[in-house]
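Architecture and fold: a report
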Amino acid sequence: QLQLAEAGGGLVQPGGSLRLSCVASGGNLEYYALAWYRQVPGKGREAVSCVSVDGDRTTYADSAKGRFTASKDHAGNTAYLQLTDLKPGDTAVYYCAARRTLCTNSGALPAVDHWGQGTQVTVSS
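In this report, we go over the structure that sits alongside the text. (Residues numbered from 1 in each chain as written. Predicted model: local features only at pLDDT ≥ 70, side-chain atom pairs only at ≥ 80, totals over all residues. Heavy atoms only, no water.)

**Examining unusual backbone geometry**
Most peptide bonds adopt trans geometry, and most residues besides glycine take a negative phi value. A positive phi is found at asparagine 77, a non-glycine position, where the angle reads about 55°. Relative to the elements of secondary structure, asparagine 77 occurs in the loop between strand 7 (68-73) and strand 8 (78-83). By relative accessible area, which is 13% here, asparagine 77 ends up buried. Phi angles above zero are rare outside glycine, and aspartate 85 is one such case at about 50°. The topology assignment puts aspartate 85 in the loop between strand 8 and strand 9 (92-99). (Helix = DSSP H or I, 4+ residues; strand = E, 2+ residues; numbered from the N terminus. Buried < 20%, exposed > 50% of the residue type's maximum accessible area, 1.4 Å probe, protein only.)

Encoded structure:
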């Protein structure tokens, strides 16, 4: 069974950067599309980005375009989300998610089979 573990969150000032990681175990990420979602208290999880199964295509939510970069390293069985030019509205718990499927055109999976535990990103001055 595939397991995902996020890391790299923390407190950063507006305009700053963070690099989140998602380490997979129990399965090979090369067989899964890998997406990032985020959630704030009282709201549902929203899609951020999605990297295709073979890693050659990445889609993003409008809020992430131009500021976030998602990638997947099959050799290391790890996915990454590079966050730059962070804004207070980016504050959330960030989750990675996987499914053996295509990504949507807006940074999401059509459904999620596997979730990580999440990592907190706080953007504040």
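**What about the packing of aromatic side chains?**
A ring pair, where both rings are aromatic, is described by two values, the distance of the centres and the angle of the planes. Applying the stated criterion across every chain yields a total of two aromatic pairs. Both rings, one in tyrosine 37 and one in tryptophan 115, keep their centres 5.1 Å apart while their planes meet at 65°; by these two values the pair is edge-to-face. Taken as a pair, tyrosine 37 in strand 4 (residues 33-39) and tryptophan 115 in strand 10 (residues 114-115) lie far apart in primary sequence, 78 residues in all. The buried category is assigned to tyrosine 37, whose relative accessible area is 7%. With 6.2 Å between their ring centres and 80° between their planes, tyrosine 95 and tryptophan 115 make a pair best called edge-to-face. With tyrosine 95 in strand 9 and tryptophan 115 in strand 10, the pair connects residues that are 20 residues apart, well separated along the chain. For tyrosine 95, a relative accessible area of 11% corresponds to the buried category. Each residue in the set Tyr37, Tyr95 and Trp115 is aromatic and connected to the rest through ring pairs, giving one cluster. Lying over the aromatic face of tyrosine 32, arginine 100 brings its terminal NZ or CZ to 4.5 Å of the ring centre. (Phe/Tyr/Trp six-rings, centres within 6.5 Å; stacked < 30°, edge-to-face > 60°. Lys NZ or Arg CZ within 6 Å of the ring centre and 35° of its normal.)

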